Amino acid sequence: MTRSIADQTVDELGGPGSVLARQRKDHIELDRLLQELDGSTGTAQEEVLTRIDRLVFSHAFAEETVLWPVIRRVLPDGDALTLQVEEEHQEVNELVTALERDGLDSPERPARLRRLAEVLREDVRDEEDVLLPRLQEALGPEELRALGRRWALMARISPTRPHPTVSRRPPGNALSGLPLSLIDRTRDLVDAGVRRAPERFVPAGRAVSKGLAGVAAVIERVPLSRTGDKPPTSR
């Protein structure tokens, strides 16, 4: 019988470098941020949501490009298992896109925030209780550590913002990942600068960020960026 990785020691997970331990560490940080989000409002809430976004999207992209293909290869039901999580990732992309588009004053914001937290917690449980224990049964500790190194590297170079029309599977996500990551991380720097800059520089910084978002939108619409998905996550 499989055991949730939430109930195992780091040694049982294959050591701190194991992909299982690395995943759980991110999940613990996500839970902390979700609790912080629940008690925040206004611009403070936006700042917490931004930190959640930066963690969640790079984490999920690394899963989709590194982990889920391995699960589909080593488990007979891997395709169905990963598709369920990909649906959750897709909903997160769409919810965050809507939150960013409609702003702080949208009447739908509270319901979207509640649903976002709900889906993220469902995603963690599906991964920790089902997908990752099954992967643990199929791979040895050394393989899990090697996979952990690949996953960590990919997470460091993955997009940090929602891209709901990009494929959740290779080759589309792999082909679009690097250019979108460069754009997202540049926007992260620009937006951080805008928050600290004197008021007279804010319009220019926002214009740069908006222009970068436009470039990202073009990449998202390239047909190759959408290849590999299947319904219901394809857009």
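Our subject is the structure that appears above.
Reading the values: rules and limits
Residues numbered from 1 in each chain as written. Predicted model: local features only at pLDDT ≥ 70, side-chain atom pairs only at ≥ 80, totals over all residues. Heavy atoms only, no water. Helix = DSSP H or I, 4+ residues; strand = E, 2+ residues; numbered from the N terminus. Buried < 20%, exposed > 50% of the residue type's maximum accessible area, 1.4 Å probe, protein only. Contact = heavy atoms within 4.5 Å. 1 Å grid on protein atoms, 1.4 Å probe; cavity = no way out; pocket = protein on both sides within 12 Å on 5 of 7 lines; lining within 4 Å. Points joined across faces, edges and corners; volume = space filled by probe spheres on them. Nonpolar A, V, L, I, M, F, W, Y, C, P; charged D, E, K, R; others polar.

1. Describing the environment of Gly-148
When you line up the elements, Gly-148 lands in helix α5 (residues 141–156). We classify Gly-148 as buried; its relative accessible area is 0%. Residues Gly-148 and Leu-67 lie 81 residues apart in sequence; the distance between their C-alpha atoms is 9.1 Å. Apart from residues lying up to four places away in sequence, Gly-148 is in contact with Gly-17, Ser-18, Val-19 and Arg-22.

2. Details of the layout of surface pockets
Taken as a whole, the largest pocket holds about 750 Å³ of empty space. Surrounding the largest pocket, 20 residues form its lining, Glu-46, Thr-50, Arg-161, Asp-191 and Arg-195 being those nearest its centre. Listed by contribution, the elements that provide at least two residues to the lining of the largest pocket are α2 (42–74), α3 (78–102), α6 (172–196) and α7 (202–221). With eight residues, the top contributor of residues to the lining of the largest pocket is α2. Per-class residue counts for the lining of the largest pocket are four nonpolar, four polar and 12 charged. Taken as a whole, the second largest pocket spans an internal volume of roughly 340 Å³. Along its surface, the second largest pocket is lined by 16 residues, and Thr-97, Glu-100, Pro-162, Ala-213 and Glu-220 are the ones closest to its centre.

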